[in-house]
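Chains, contacts and geometry: an overview
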Protein chains: 2
Amino acid sequence: MTASDGLHPATEDIRLPTVLAALADPARLATVQTLAQVGESACTQLQEAAGLSISRSTFSHHQKVLREAGIISVRIHGTQRLLSLRRTDLDACCPGLLDAVTSARADSPQPV
Amino acid sequence: MTASDGLHPATEDIRLPTVLAALADPARLATVQTLAQVGESACTQLQEAAGLSISRSTFSHHQKVLREAGIISVRIHGTQRLLSLRRTDLDACCPGLLDAVTSARADSPQPV
DNA sequence: CGCATTGTTCGATGGTCGTCGAACAGTACG
DNA sequence: CGTACTGTTCGACGACCATCGAACAATGCG
């Protein structure tokens, strides 16, 4: 049993419906897809890279949803939070899901 | 361009966020997972097999959401509608997604 | 210390969603 | 024709969600 730090759920606590719900929002999906390309990055840079024109508070909310779903992990570095994907943990819950979602074409580029 | 029949979206109109949103609901996820196991089946039988204790109208709603997302197709046979997965169409939009979701353990069996 | 930068938290608001029962529609069977 | 079965549609209701600005906290820099 992997202990939880209050921020990230333990690997065995990751639930598929919760993960899918987190990925269902276009802004969060773009965040995850971008994160898969650029790797670990801070909130503002990631939001910029994903092309999300939303307020900081809204992005912070999305980041929290992704984190609580077990999709991303947060590492503090100075004033900024570095976000990264929890690949292995996600694969433990649902093998192939992350690859399927991140390798999917960004489709008809929908402005978010 | 595959023509749409008004009930099912064309293959190229299937959108990943819509698919994920459809799969995010526990009742719909259970429906899809069950459908992957038992194959084509009618609404009432499928609802029974999935162990969903919800009203017929609610299941009809879920079936509509899955259908409009492009996840399932409906075939009329007498008084009943036979539901089945649109495997190839889904794989065209997002290869591996359906397998990842249907092969995932039903996890901690959550009563729905 | 003072200021800028980076994110979070806190209401508030408007919209969407899941659920239900009741009413309706279509088909099959006597 | 009448009854039964299967499923859809229609409000309605309560809950949840995405979004925002404002206020706050924490760190780094001069």
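The structure contained in this document is the topic of the report that follows. For clarity, every value in this text was computed on a predicted model and none was experimentally measured.

What follows concerns the protein's contact with DNA strand D. Close contacts around DNA strand D come from 20 residues, with R28, T58 and H62 of chain A together with T44 and S60 of chain B the closest. Close to the protein, within 4 Å, the atoms of DNA strand D belong to sugar or phosphate groups at a rate of 73%. A distance of 2.9 Å is found between a phosphate oxygen of DNA strand D and a side-chain nitrogen or oxygen belonging to T58 of chain A. One nitrogen or oxygen atom from the side chain of H61 of chain A is found 3.1 Å from a phosphate oxygen belonging to DNA strand D. Elements represented by at least two residues in the surface near DNA strand D include exactly α4 (56-68) of chain A together with α3 (43-49), α4 (56-69) and β3 (80-85) of chain B. Tallied by class, the residues present in the surface near DNA strand D amount to three nonpolar, 13 polar and four charged.

What follows concerns the protein's contact with DNA strand C. In the vicinity of DNA strand C lie 20 residues, with T44 and S60 of chain A together with R28, S55 and H62 of chain B positioned nearest. Each atom of DNA strand C within 4 Å of the protein belongs either to a base or to sugar and phosphate, the latter forming 70%. Between DNA strand C and T44 of chain A, the relevant distance is 2.3 Å, taken from a phosphate oxygen to a side-chain nitrogen or oxygen of the residue. The separation between a phosphate oxygen of DNA strand C and a polar side-chain atom of H61 of chain B is 3.3 Å. Looking at the surface near DNA strand C, the elements that each hand over two or more residues are α3 (43-49), α4 and β3 (80-85) of chain A together with α4 of chain B. A breakdown of the residues in the surface near DNA strand C according to their chemical character gives three nonpolar, 13 polar and four charged.

A word on the interface of chain B and chain A. The accessible area lost on association of the parts is a frequent measure of interface size. Contact with chain B, which involves 21 residues of that partner, is made by 21 residues of chain A. Regarding the contact of chain B and chain A, the summed buried area is about 1,600 Å², with carbon and sulfur atoms giving 68% of it. For the pair chain B and chain A, the interface holds zero salt bridges. Where chain B touches chain A, the interface holds zero residue pairs in polar contact (both at pLDDT 80 or more).

Analysis parameters
- Residues numbered from 1 in each chain as written.
- Chains lettered and ligands numbered in written order.
- Predicted model: local features only at pLDDT ≥ 70, side-chain atom pairs only at ≥ 80, totals over all residues.
- Heavy atoms only, no water.
- Near = heavy atom within 4 Å.
- Polar contact = N/O pair within 3.5 Å; in protein donor to acceptor, adjacent residues only side chain to side chain.
- Helix = DSSP H or I, 4+ residues; strand = E, 2+ residues; numbered from the N terminus.
- Nonpolar A, V, L, I, M, F, W, Y, C, P; charged D, E, K, R; others polar.
- Contact = heavy atoms within 4.5 Å.
- Buried area = accessible area lost by both parts, 1.4 Å probe.
- Salt bridge = Lys/Arg side-chain N within 4 Å of Asp/Glu carboxyl O.

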